[in-house]
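Residue-level structure breakdown
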Amino acid sequence: MLNKLAIVTTFLVATASSVLAMPILTVYENDANSNAMELKVWKGYGLTINLMSTGDTIKQVWIGDPSRFAFTSNGGLCPSSGGDSECAGGKATVIFLRQIDPINFPVTSSSNGSTQITVLTNEKQYQFKIVPATGNPTYTSLVIKSDSDRPIANSRPRTPQPLTVQKPQSAPSDFRSPSPPPQTIKVPPPQPVAVLRPNPGATLNGAIQRNDANALAFGLAEAGRKGQVKLRYYHLKPR
């Protein structure tokens, strides 16, 4: 028993959460009057038309083809035969539309079951096209708000600030680019240079001949010492 109660409680909570999560369609008074709005009434869900935010009270509601739709309200409506729009009974602010099984009325129905609903208030008249729908609803409530609640658009557009781009500073005409740092060149120390100076008498023909004769004599003496040649010595007598 406790398990069944817990299951039922869980189901009710889930159902309530899904109902609260149903999307709402919101429009403003002038938009609802000027635009021919098409409203869908999903089977098994219905649709509420809420005028609480406008401060108006609903006096009368007319449906063009009542063979597919029915409605209720949260307050009394004025009798359709009365001409007094300020009747004491007109205190409704919300009406609820739902689909019903088609009733054979002597009226001409549209091919898709759509029709028109007219809502009269103490201030305005609203007309909507209602269409039967099946499946999961995209909205289940239409909320009509007062035009005074419409957000005021900023009529004065914000002037965009000019974009400031900082240009790179150019060098002045007399600006000299920095010269490269001085380079140090190492000069090797001077090396001593051997200068061969000729013998003062080497350029003389006599000296050169004497040197050649000495060299010849030395060579002959060396060859004779080694036995390569035989030397004969002659003694010359002076004249």
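Predicted model only: the values in this text are computed from it and were never measured. (Residues numbered from 1 in each chain as written. Predicted model: local features only at pLDDT ≥ 70, side-chain atom pairs only at ≥ 80, totals over all residues. Heavy atoms only, no water.)

**What about the side chain of Asp65?**
Keep this limit in mind: Helix and strand definitions follow DSSP, with helices as H or I runs of at least four residues and strands as E runs of at least two, each counted in order from the N terminus. A simple rule labels every residue: compare its accessible area, found with a 1.4 Å probe on the protein chains alone, to the largest value its type can have, and call it buried under 20%, exposed over 50%, or partly exposed in between. Charge counting treats Lys and Arg as positive and Asp and Glu as negative, with His and both chain ends excluded. Salt bridges are counted wherever a side-chain nitrogen of Lys or Arg sits within 4 Å of a carboxyl oxygen of Asp or Glu. What qualifies as a polar contact is a pair of N or O atoms within 3.5 Å, subject to a donor-acceptor requirement within protein and to the restriction that residues adjacent in sequence count only when both atoms come from side chains. Residue contacts follow a heavy-atom distance rule, with two residues in contact if any of their heavy atoms lie within 4.5 Å.
With respect to the helices and strands, the residue Asp65 is situated in the loop between β4 (58-63) and β5 (69-73). The side chain of Asp65 is buried and forms no salt bridge, while Arg68, the nearest opposite charge, is found at 4.9 Å. Polar side-chain contacts of Asp65 include one of 2.6 Å to the side chain of Ser67. Filtering out sequence-adjacent residues up to four positions away, Asp65 remains in contact with Val107, Ser109 and Thr115.

**Structural notes on the sheet that holds strand β1 (residues 24-28)**
Through backbone hydrogen bonds, the strands of a sheet pair up, either in parallel or in antiparallel fashion. Cut-off, in case you're wondering: Pairing between strands requires that DSSP locate at least two bridges from one strand to the other. A fitted line through C-alpha atoms serves as each axis, taken over the contacting stretch for helices, and the angle formed by two N-to-C directions is quoted from 0 to 180°.
Pairing is mixed in the open sheet, where five strands are placed in the order β1-β9-β3-β6-β5. Whereas interior strands pair on both sides, the edge strands pair on one side only; in this sheet they are β1 and β5. Direction aside, the axes of adjacent strands within the sheet are offset by 20° on average. Note: strand β3 (residues 47-50) against strand β9 (residues 141-145), three bridges, orientation parallel. Looking at β9, one finds that Asn50 is bridged to Val143.

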